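# An overview of the molecular structure
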Amino acid sequence: NAGVMQNPRHLVRRRGQEARLRCSPMKGHSHVYWYRQLPEEGLKFMVYLQKENIIDESGMPKERFSAEFPKEGPSILRIQQVVRGDSAAYFCASSRPGSGSYEQYFGPGTRLTVT
Amino acid sequence: GQQVMQIPQYQHVQEGEDFTTYCNSSTTLSNIQWYKQRPGGHPVFLIQLVKSGEVKKQKRLTFQFGEAKKNSSLHITATQTTDVGTYFCAAALGSGGSYIPTFGRGTSLIVHP
């Protein structure tokens, strides 16, 4: 049973370019969370999605950031016109609501570096 | 805003010593989760606590949930170098229907052989 997949694992972008981060949840999981982590800091919630629906995007900046989880295919976190401050590790996690557990399964992360 | 406070931020121990990290909230929590993240790795779920005063053990790890459900702790007995990593607690602070966890800043454990 494959775990949560994220790609790319490392992404280098120049300022002003776009970054696309992909996440495939665990089999049977219909909900995806995106988090951002700066060095030596905790995980900051960005957005919570289910298939074709954004449940909560309160942690995501309103400008330049967007997320989707289409009916087919992975969840995408898109950052337009990247700036140096966007450099961070971005993790996605999947869960199975209704299971009685709030356990989240994390992917390996995408380390974004903006030069 | 509402936070989940975690202390200490760092802890250096000699191999074989014990280690404890604490997680505190100003609001009552419905449940709390603990995760471990190895250096360069991703968070891995360890345990979930739900009941007031709950204590759970996993080999050398002991997890507690306070009676008032506002604090929790993770204790490791006789640390080993494999315990190195950052330990995070996570809990939902809002009262909305969706589960949006707030993570503590984590406690980084450094074990000296």
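Residues numbered from 1 in each chain as written. Chains lettered and ligands numbered in written order. Predicted model: local features only at pLDDT ≥ 70, side-chain atom pairs only at ≥ 80, totals over all residues. Heavy atoms only, no water.

## Comments concerning the packing of aromatic side chains
- Per the counting criterion, the structure on display carries 13 aromatic pairs over all chains.
- On the numbers, 5.4 Å between centres and 80 degrees between planes, the contact of Tyr35(A) with Phe103(B) is edge-to-face. With Tyr35(A) in strand β4 (residues 31-37) and Phe103(B) in strand β10 (residues 101-103), this pair bridges two chains. Take Tyr35(A) and Phe103(B): they sit in the same class, and that class is buried.
- With centroids separated by 5.5 Å and ring planes inclined at 45 degrees, the aromatic side chains of Tyr35(B) and Phe103(B) adopt a geometry described as tilted. One end of the pair, Tyr35(B), is in strand β4 (residues 32-37); the other, Phe103(B), is in strand β10, and 68 residues separate them in sequence. Judged on exposure class, the residue Tyr35(B) and its partner Phe103(B) are both buried.
- Taken together, the ring pairs connect Tyr33(A), Tyr35(A), Phe45(A), Tyr48(A), Phe106(A), Tyr35(B), Phe45(B), Phe88(B) and Phe103(B) into an aromatic cluster. (Phe/Tyr/Trp six-rings, centres within 6.5 Å; stacked < 30°, edge-to-face > 60°. Helix = DSSP H or I, 4+ residues; strand = E, 2+ residues; numbered from the N terminus. Buried < 20%, exposed > 50% of the residue type's maximum accessible area, 1.4 Å probe, protein only.)

## Concerning the nonpolar core
- By size, the foremost hydrophobic cluster in this structure holds 23 residues, and its most contacted members are Trp34(A), Met46(A), Leu77(A) and Tyr90(A).
- At the level of elements, β3 (19-24), β4, β5 (43-50), β7 (65-68), β8 (75-79), β9 (88-95) and β11 (110-114) of chain A are the ones that each hand at least two residues to this core.
- Grouped together as the second largest cluster of nonpolar side chains are 21 residues, Val4(B), Phe63(B), Cys89(B) and Val111(B) included. (Core = buried A, V, L, I, M, F, W, Y, C linked by side-chain atoms within 4.5 Å.)

## Some words on the state of the cysteines
- A full pass over the atoms with the stated rule returns 2 disulfides over all chains.
- At a sulfur-sulfur separation of 1.9 Å, the disulfide partner of Cys23(A) is Cys92(A). One disulfide, between Cys23(A) and Cys92(A), carries an S-S torsion of 70 degrees and so falls in the right-handed class. Remark: Cys92(A) occurs in strand β9 and Cys23(A) occurs in strand β3; sequence separation between them is 69 residues.
- Each sulfur in the disulfide pair Cys23(B) and Cys89(B) lies 1.9 Å from the other. Every disulfide takes its handedness from the sign of the S-S torsion; for Cys23(B) and Cys89(B) that torsion is 70 degrees, giving right-handed. Here Cys23(B) is found in strand β3 (residues 19-25), whereas its partner Cys89(B) is found in strand β9 (residues 85-92), with 66 residues between them in sequence. (Disulfide = S-S within 2.5 Å.)

## A word on the interface of chain B and chain A
- Residue-level contacts link 20 residues of chain B with 21 residues of chain A.
- With both sides pooled, the region where chain B packs onto chain A buries about 1,700 Å², and carbon together with sulfur makes up 57% of that total.
- Looking only at chain B, the three residues that lose the most surface to chain A are Tyr99(B), Ile100(B) and Phe103(B), adding up to 27% of its buried area.
- Applying the counting rule to chain B against chain A returns 0 salt bridges.
- Here chain B and chain A share 6 residue pairs in polar contact (both at pLDDT 80 or more) between them.
- For the side of chain B that touches chain A, the elements supplying multiple residues, two or more each, are β4, β5 (44-49) and β10 of chain B.
- If you tally residues by element for the side of chain B that touches chain A, the top one is β4(B), at 3 residues.
- Across the side of chain B that touches chain A, the residue classes break down as 9 nonpolar, 10 polar and 1 charged. (Contact = heavy atoms within 4.5 Å. Buried area = accessible area lost by both parts, 1.4 Å probe. Salt bridge = Lys/Arg side-chain N within 4 Å of Asp/Glu carboxyl O. Polar contact = N/O pair within 3.5 Å; in protein donor to acceptor, adjacent residues only side chain to side chain. Nonpolar A, V, L, I, M, F, W, Y, C, P; charged D, E, K, R; others polar.)

## Considerations on the sheet that holds β8(A)
All names here are of chain A.
- Reading across the sheet, the 4 strands line up as β1-β3-β8-β7 and stay open at both edges, with antiparallel pairing between neighbours. Here the strands that pair on one side only, and so sit at the sheet edges, are β1 (5-7) and β7. Between one strand axis and the next, the sheet turns by 15 degrees as a mean value, whatever way the strands run.
- Judged from the 4 bridges that link them, β7 and β8 form a sheet pairing that is antiparallel. In the strand pairing of β8, Glu68 is matched with Ile76. (Pairing = 2+ DSSP bridges. Axes fitted to C-alpha atoms, helices over the stretch in contact; angles between N-to-C directions.)

## Some points on the side chain of Lys69(B)
Residue and element names in this part refer to chain B.
- Within the fold, Lys69 resides in the loop between β7 (61-65) and β8 (71-76).
- Buried charged residue Lys69 carries no salt bridge. Nearest counter-charge: Glu54, at 7.6 Å.
- A polar side-chain atom of Lys69 sits 3.3 Å from the main-chain carbonyl oxygen of Ser30.
- Excluding its chain neighbours within four sequence positions, the residues that come into contact with Lys69 are Thr27, Thr28, Leu29, Ser30, Val50 and Ser52. (Lys, Arg positive; Asp, Glu negative; His and termini not counted.)

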